[in-house]
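Residue strings, one per chain:
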Amino acid sequence: MRYQWGYWQMKFAVRLFQVGVVTAVLTSCGTIDGVNDNADSRVSRIPAPSTAGVADFPVKIGNPYKIGGKTYTPQDVASYDEVGYASWYGQELAGNATANGETFNPDGISAAHKTLPLPSYVEVTALDTGKTILVRVNDRGPFANDRLIDLSHGAAKQLGIDSQGVAGVRVRKVNPNEQERVVLRNGGSATQRIDTPDSLLTILRKNLAKLPTAKVTVPQASASAATPPVNNSGVGASYVPTSASAPAPSSTHDRDGKFIVERAGSAPASPRKAPQTNKTIKSGAYVVQVAAFSSKSRADAMARKIGAKVMSDATRNIWRVRYGPYASETDAKAGLAQAKKRGYNDARILRSN
């Protein structure tokens with residue numbers, strides 16, 4: 001009896017050892033040197049859990065809405081794939097409410113679209129380079145009808161078009177995995193996609209060439225106004241309300257007094273009316289003005305971005321972002337060309353006084 005009891009004890013111990021070995025093998029399956037080779041290596045490390053108030057559900061499509069006399073009808077098109085022009089908006093709108101009620105983060109990888117559901121995920125391809133990134137759409141816009149999409153500054157920077165006013169792009173709706181969704185919801189950027197092959201880029205560029213060329217203006221980040229929490233129209237962080245009945249003042253401010261568009265009273269010097277002289281005008285006679293703000297910090301941010309200077313008016317209530325001063329009108333024209341090359345087509349030459 002003792003022999004039989006010992007035999008069964010030994011057999012039971014061997015069986016436990018076998019079960020342990022099988023469990024260990026199954027647990028380590030797909031792992032090499034402690035790294036799970038089944039994990040999606042394309043996605044950067046997932047940050048902390050999703051930021052409060054930023055979620056992918058429920059998805060909002062919304063009712064038709066009208067901006068500037070034009071009606072936009074949101075709809076969910078699963079196969080959405082279009083080419084067009086992209087602009088971007090950034091720090092001047094930080095903290096504003098997007099169309100789906102989130103807080104606009106200019107450094108995040110997000111975008112505004114006129115009709116896609118909110119939120120949606122799209123792959124945006126820069127047609128000049130073929131570079132493609134994943135972007136989360138959480139806002140409405142742009143309402144300049146020659147633009148297809150408005151990217152956050154972070155998205156434009158990752159795509160490599162932040163130094164341009166507008167750029168040709170392809171926008172394709174996709175359904176990324178949850179890991180990539182979490183990264184974008186938390187303000188990060190998913191790993192860059194494989195570049196679009198030249199053969200496809202050629203076709204996309206031909207399709208873009210059929211469209212009217214988008215006007216290059218000051219990036220919407222600088223020209224857009226802050227808005228209160230989102231309203232029922234579906235308009236979000238980048239919308240600038242206008243009033244046709246209001247008289248046009250010499251300068252206009254947004255609701256928070258951040259961006260100023262200077263008009264009459266600050267007309268640029270006209271080359272046609274310049275005195276016919278070969279004399280060199282005294283140093284500092286001309287400047288190139290790119291933008292003006294009532295917030296010095298915002299003017300400083302823009303000046304740092306484009307390599308310009310900040311100059312205030314006599315009251316120190318207006319802060320102008322300028323290149324110069326220049327000794328002659330010829331030098332000023334070179335500065336103007338530099339501003340326009342950066343996409344600031346509204347820049348103009350002014351007398352420094």
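Higher on the page you've got the structure.
Bear in mind the structure is a predicted one, so any value in this text is a computation, not a measurement. (Residues numbered from 1 in each chain as written. Predicted model: local features only at pLDDT ≥ 70, side-chain atom pairs only at ≥ 80, totals over all residues. Heavy atoms only, no water.)

*Asks:* Would you mind showing me how to read the overall build of the protein chain here?
*Replies:* A count of helical and extended segments in the protein chain gives seven helices and 16 strands. In the protein chain, which comprises 353 residues, the proportion classed as buried is 44%. Entry remark: accessible area of the protein chain is about 19,500 Å², with carbon and sulfur atoms responsible for 54%. (Helix = DSSP H or I, 4+ residues; strand = E, 2+ residues; numbered from the N terminus. Buried < 20%, exposed > 50% of the residue type's maximum accessible area, 1.4 Å probe, protein only. Areas by Shrake-Rupley, 256 points an atom, 1.4 Å probe, with all protein chains shown as cover.)

*Asks:* Mind showing me how you'd approach the sheet that holds strand S7 (residues 120–126) here?
*Replies:* Backbone hydrogen bonds are what pair the strands of a sheet, in a parallel or an antiparallel way. Ordered by their spatial adjacency, six strands build a closed barrel running S5-S9-S6-S8-S7-S10, and the pairing between neighbours is mixed. Each strand axis lies, on average, 45 degrees off the axis of its neighbour in the sheet, ignoring direction. Inspection of the sheet shows strand S6 (residues 110–112) paired to strand S9 (residues 149–152) by two bridges, in the antiparallel sense. Each residue of the ladder has a partner; that of Ala 111, found in S9, is Leu 151. Where helix H3 (residues 178–185) meets the sheet, it contacts S7 and strand S8 (132–139), and its direction lies at approximately 60 degrees from that of S8. (Pairing = 2+ DSSP bridges. Axes fitted to C-alpha atoms, helices over the stretch in contact; angles between N-to-C directions. Contact = heavy atoms within 4.5 Å.)

*Asks:* What's the story with the nonpolar core in this structure? I'm lost.
*Replies:* Side chains of a nonpolar character, in soluble globular proteins, are inclined to be buried together. One finds Val 124, Val 135, Ile 149 and Leu 151 to be the most contacted residues of the largest nonpolar core, which totals 30 residues. Counting only elements with at least two residues in this core, the list comes to strand S5 (81–89), S7, S8, S9, helix H2 (153–159), strand S10 (167–174) and H3. Among all residues touching Val 135, those that are not within four sequence positions of it are Ile 109, Ser 110, Ala 111, Ser 120, Tyr 121, Val 122, Val 124, Leu 151, Ala 155 and Leu 184. Counting residues in each nonpolar core, the second largest holds 21 residues, with Ala 303, Tyr 326, Tyr 344 and Ile 349 among its members. (Core = buried A, V, L, I, M, F, W, Y, C linked by side-chain atoms within 4.5 Å.)

*Asks:* I keep staring at helix H6 (residues 296–306) and nothing clicks. Help me out?
*Replies:* Since there are 3.6 residues in each turn of an α-helix, residues three or four apart along the chain are aligned in direction. Three or more residues of H6 are buried, namely Arg 298, Ala 299, Met 302, Ala 303 and Ile 306. Axial view of H6: buried residues confined to an arc of 135 degrees, hence all on one face. The outward face of H6, more than 90 degrees from its buried face, is lined by the exposed residues Ser 297 and Arg 304. One or two positions beyond H6, positive phi appears at Gly 307, with a value near 75 degrees. (Arc of directions from axis to C-beta.)

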